[in-house]
Every structure is written in structure tokens, then in C-alpha cells.
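Here's the letter readout for the chains.
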Amino acid sequence: MRAFFAVVILCAASLLSTVSARAEDPIDTTRTMIEEQIKAFLKDDAETAYSFAAPGIKAMYPDKNLFFAMVKKSYEPVYHPGNYAFGRSRSIDNGALIYHEVLISGRDGRDWTAIYQMTRQADGSYRINGVQMMPDADSKGI
């Protein structure tokens, strides 16, 4: 009977460590951050959207309102996308840098590809270090 309980406890511990390892996957973690920032933009929640910015971005835009104004002006498809979906992701240097491709349909019907650069911080967390926008000139639509 003791052996049975020991096996059950070991199986449960193994399952918990597997779930924990998956929950801490940097690709999943950073993808969730991008989604949360986009949701904050859609709600016009400057404070939450700004919280995902890397220190270098915050140095260029030291105020959440300046940051928000820049995003509205220069990143309209990210600020208020019609639809979006994640494409490819790439981890570099054991997760120090992560790139995500986000395919966006703007509210004006134009298609875009946004390349997000995520950087791991000294404390192990990730922040958005920049977004490169490229119009999708090859899109034929539906």
C-alpha cells in the first residue's frame, strides 16, 4: 500500500513539474504579453500597454501618454487591429531574444506583418523591445 501511494505522489509531482515547465515557456509567455498589450490598446488603456515596454522604449518615451500617442500615430494596425494571428516565432541565444510574427488585418482592410522583438530582462521577465511594421503587399484577400 505504501508503494502505491509513493507511485501516486511521484506521478503527481511529475505532472506538476511538466505543467509548470510548459507554463514558463518563453514563446508562450511572450505571445501572451503581446496579446495583453493589444487588448490594452483596444481598451485605450495606456498604463497597461506601457507596462509591457522594455526599459529602452521607456527611456525614449518616459511617459505613458507619450508612448500611447506614438503608437496611435505610427502603429495604427497594432493600436486597433481588425483581426490578428500569430505566425512564426524564433528564440535566439537561449531565449535572450524572441521574435514573433503577428499577421494583422487593419480596420481599413490592409494587411500588415508586425515583427515583435522581445528581450529577457535581468530578472528573467520579458518586455517588448520594438515592433517593425511591414505592409503585406502580396495579400490577395479572401
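The structure this text deals with has already been given above.
Residues numbered from 1 in each chain as written. Predicted model: local features only at pLDDT ≥ 70, side-chain atom pairs only at ≥ 80, totals over all residues. Heavy atoms only, no water.

Asker: Mind showing me how you'd approach the sheet that holds strand β2 (residues 97–106) here?
Answerer: Read from one edge to the other, the open sheet built from four strands follows the order β1-β2-β3-β4, with strand pairing classed as antiparallel. Each edge of the open sheet is held by one strand with a lone partner, namely β1 (81–92) and β4 (126–135). Mean inter-strand twist for the sheet, computed between neighbouring axes without regard to direction, equals 20°. With nine bridges joining them, strand β3 (residues 111–120) and β4 adopt antiparallel strand pairing. Across the sheet, residue Thr 119 finds its bridge partner in β4, namely Arg 127. Packed on one face of the sheet, helix α2 (residues 26–42) meets β1, β2, β3 and β4 and runs near 155° to β1. (Pairing = 2+ DSSP bridges. Helix = DSSP H or I, 4+ residues; strand = E, 2+ residues; numbered from the N terminus. Axes fitted to C-alpha atoms, helices over the stretch in contact; angles between N-to-C directions. Contact = heavy atoms within 4.5 Å.)

Asker: I would appreciate a short explanation of the nonpolar core in the present structure.
Answerer: It is characteristic of soluble globular proteins that their nonpolar side chains tend to be buried jointly. Residues Phe 41, Phe 67, Val 78, Ala 114, Tyr 116 and Met 118 are the most contacted members of the largest nonpolar core, which totals 29 residues. Elements represented by at least two residues in this core include exactly α2, α3 (46–51), α5 (64–74), α6 (76–79), β2, β3 and β4. Examining the composition of this core, we find that six residues originate from one element, α2, more than from any other. Those residues within four positions of Val 78 in sequence are excluded, and the remaining contacts are Ile 38, Phe 41, Ile 104, Ala 114, Tyr 116, Val 131 and Met 133. (Core = buried A, V, L, I, M, F, W, Y, C linked by side-chain atoms within 4.5 Å. Buried < 20%, exposed > 50% of the residue type's maximum accessible area, 1.4 Å probe, protein only.)

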